[in-house]
Amino acid sequence: MADTLKVNPIDCTGHGVCAELLPELISVDEWGYPIVDPRPVPLALDREARRAVAACPALALKLMRTDEPARSR
Amino acid sequence: MTTTVNESVPGGAARQAAGLPRLLPAAPEDLRGHLARYGPTPYRGQTGVLIGDIEASGLTGRGGAAFPVYRKMAVVARGRGRKVIVANGSESEPASRKDELLLRLAPNLVLDGLQLAAEAVGATEAHLYLHYGPTPEILRALAERASRGLDGLGVTITQAPPRFLAGQETALVNRLSGGPALPTFQPPRVSERGLGGAPTLVQNVETLAHLALIARYGPRWFRAAGTDAEPGSMLTTVYQVDGKCRVFEAEIGAPLRTLLSSGAETQAWLVGGYHGSWLPMPQAVGLTLANDTLKRFGAAVGAGVLVALPADRCGLTEAARVTGYLAAESAGQCGPCLNGLPRIAAGLAELAGPGHRRQTRADVERWAGLVTGRGACNHPDGTVRFVRSALTVFAPEIALHARGQCSATNRKPFLPLPNGMPTSEDDWT
Amino acid sequence: MSGSTAFWYASRATGIVALLLLTAVLVLGILVNRQGRLPGLPRFAVTDLHRNLSLLAVAFIAVHVFTAVLDTYVHIPLISAVIPFSSGYERFWLGLGAISLDMMIAMIVTSLLRGRMNRILWRAIHLLAYASWPVAFAHSIGSSKDLQHGWMLDMAIGCALIVAAAVIYRLAHAARQVPRAGRVAAVYAQHTATTSRAMTSRQARRTRETVNR
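About the thresholds
Residues numbered from 1 in each chain as written. Chains lettered and ligands numbered in written order. Predicted model: local features only at pLDDT ≥ 70, side-chain atom pairs only at ≥ 80, totals over all residues. Heavy atoms only, no water. Helix = DSSP H or I, 4+ residues; strand = E, 2+ residues; numbered from the N terminus. Polar contact = N/O pair within 3.5 Å; in protein donor to acceptor, adjacent residues only side chain to side chain. Contact = heavy atoms within 4.5 Å. Buried < 20%, exposed > 50% of the residue type's maximum accessible area, 1.4 Å probe, protein only. Pairing = 2+ DSSP bridges. Domains from an automatic or database assignment. Buried area = accessible area lost by both parts, 1.4 Å probe. Salt bridge = Lys/Arg side-chain N within 4 Å of Asp/Glu carboxyl O. Nonpolar A, V, L, I, M, F, W, Y, C, P; charged D, E, K, R; others polar.

1. Topic: the side chain of Ser-389 of chain B
Residues and elements named next belong to chain B. With respect to the element layout, Ser-389 can be found in helix α15 (residues 379–393). At 2.9 Å, the side chain of Ser-389 forms a polar contact with the backbone nitrogen of Trp-278. At 2.8 Å, the side chain of Ser-389 forms a polar contact with the backbone oxygen of Phe-386. With residues near it in sequence (within four places) discarded, Ser-389 still touches Gly-276, Ser-277 and Trp-278.

This is how it looks when you write it as structure tokens:
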């Protein structure tokens, strides 16, 4: 059981804070909106992922439980 | 454009054997005629029982998504507290007319299905969500049923706004709650938390009509038509090269050439409506009305809209017109869709014009990649499927237009589109 | 200097610093909302600074309150810091301070819980900032003789002007914002303008063409 990052695209207004804090998993498109890695968050990045979720000014980034196994990289 | 029901589809012998037509009577049927033909509504007397039959029948949703009906019903039935059922007759696809016809000719079948499904999942609240609102046929059917005490639940009718996304499940729930018909983020799915937070079963009206027949004749009867993997029959809205709109009930798995014009007068086929795919002719001529064969070309039956584009039209121009419509119908809530679809539409309009900048084709492909999977609903994905298939099938036309030429001899628009863009918040309610 | 006077001076000093900090916090909050940046700093610096300075401001307010309570020259019960108009001394002006502090506590508590609460509710409470600052300002001017003349008065007026400018900037954006139903048309307009000016795609990216911010 691992967590996956998901962005609520309706709430997201493209602040881009998430991509700064978690460039390994989140990049920004040409309009400023996040492109989020759909795979489960590697354990080593779990803390950074939680920080990014907390930092989103629009509360649009979420960490959701999935049934896939955790990956290490 | 008149809509007619055509009972004699080529290959008629096969159709009779399969027991078609199942859903559509030749003329609008009142309650007396309906009961004479089908008998009384076969309530099971408790929740859950019907779901097993629906599972055995293999019935999938006829609203376009083709989701297994029993699974949605099971999720709703499993939910706690009160439940809601909605018959979705919004028919938001501009080219589709089958639900409208079904509701005019056989409203009692749909209403039977609504009550039977409500019983099966334990719903205590029923809604009818309709493109044209309460029509005379619906009102008469409801009144007749009420006077005979046929229905377990009263039905609330709500008119859907004429928006492409109005029939999307979360947009539907949003509208029924008194808000605009705009999609919301999932999770939660409406079958888990929908109208007023209650598990809500949303089914297309044609799906409910099939369900009403399965409840009477059983899953094996249903499977006597269609294929093993995709059983049953479905209503299709067909535009042959003469431009007339006809609704046929066809067996799933029927060869598309028995429904659609093929041959020299046909330039290409569009299968699955405006979120569907263009298919090249003559390569696609052997395909059938089944996702099994269509998926090899990246296509699906969707809600059964089938179009044969005449050879004298410009496919690129038609595709650009539709894409402009799809972009205008974006809810504008999600950054990628809001930014991507108008640009894709503008790019396609440029490709359909005389000459275009060298970069445009690559831009459109880049934007298409950027919007896929990044909205709260499937609108960007469906639009991209339509656009990509158009760019593939009409590639020779793109090259011609780049040189300032066009192969079309007829400039009249072919694909049906409503007039005007939504401009104010009221256009979504 | 007696112990009592030291407390009194400490309370006045921390109060002034708190006002400055709250001014910065409000401006930074508007900057976050408008996706503005501080020169040379990453975007998360704006959000982090806004958050950290707000906690620092509360720390200074805590000292400001406790030193005022501990000072024996006038009697100010501790509870009057959160129950408005319950102190004998300067009942009205201190009461305003309590009102402002109550709103700040609501904003901070909800922000600490923001991952677990309803987004709309969080936002509604956070909008109290626009009420909390003016009330704190009135408390500062009304209850402190220092701020009523000299360079401290100039400084207080400076803070008020900064906040006014920031709020006007925020309201101007809200007035200019394209309503949802008009966004697609706005994107078409931006796209046409971009392509007709034949910008490079890099320039287009920098203009951040989007309308749902």
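Back to the write-up after that little detour.
2. A closer look at the pairing of strand β2 (residues 83–89) of chain B
Residue and element names in this part refer to chain B. Within β2, seven of the seven residues are buried, which leaves it mostly tucked inside the rest of the structure. Burial along β2 is two-sided: Lys-83, Ile-85, Ala-87 and Gly-89 and Val-84, Val-86 and Asn-88, pointing in opposite directions, are all buried. Bridge count for β2 against strand β3 (residues 123–130) is seven bridges, and the pairing is parallel. Paired with Ala-87 across the strands is Leu-128, a residue of β3. Bridge analysis of β2 against strand β5 (residues 200–204) gives five bridges, and the strand direction is parallel. Directly across from Asn-88, in β5, lies its bridge partner Asn-204.

3. Description of the domain arrangement of chain B
All names here are of chain B. When the domains of chain B are assigned, the result is domain 1 (3–223) and domain 2 (315–402). A C-alpha centroid distance of 33 Å is found between domain 1 and domain 2. The interface of domain 1 with domain 2 comprises eleven residues on the first partner and eight residues on the second. Around 800 Å² of area is buried between domain 1 and domain 2 when both sides are counted, 61% of it from carbon and sulfur atoms. Counting across the domain 1 and domain 2 interface gives one salt bridge. Applying the counting rule to domain 1 against domain 2 returns three residue pairs in polar contact (both at pLDDT 80 or more). Grouping the constituent residues of the side of domain 1 that touches domain 2 by class yields seven nonpolar, three polar and one charged.

4. Describing the interface of chain C and chain A
Listed by partner, the interface residues are 18 residues for chain C and 20 residues for chain A. Here chain C is connected to chain A by four salt bridges. Linking Arg-43 of chain C and Glu-20 of chain A is a salt bridge whose minimum nitrogen-to-oxygen distance equals 4.0 Å. Going through the elements one at a time, α1 (3–33) and α2 (43–70) of chain C are the ones with two or more residues in the side of chain C that touches chain A. The greatest single-element share of the side of chain C that touches chain A, amounting to four residues, is contributed by α2 of chain C. Grouping the constituent residues of the side of chain C that touches chain A by class yields three nonpolar, six polar and nine charged.

5. Remarks on the pattern of salt bridges
Within the structure shown, the criterion is met by 32 salt bridges over all chains. For Asp-3 of chain A, the salt bridge identified is with Arg-65 of chain A, shortest N-O distance 3.0 Å. Within this pair, whereas Asp-3 of chain A is found in strand β1 (residues 2–7), its partner Arg-65 of chain A is found in strand β4 (residues 61–66), the two being separated by 62 residues in sequence. On the basis of relative accessible area, Asp-3 of chain A is assigned to the buried category, the value being 10%. The residue Arg-51 of chain A makes a salt bridge to Asp-48 of chain C at a minimum N-O spacing of 3.3 Å. Taken together, the residues span two chains, with Arg-51 of chain A in helix α2 (residues 46–55) and Asp-48 of chain C in helix α2. The class for Arg-51 of chain A is partly exposed, based on a relative accessible area of 40%. Taking the relative accessible area as the measure of exposure, Asp-48 of chain C reaches 26% and is therefore partly exposed.

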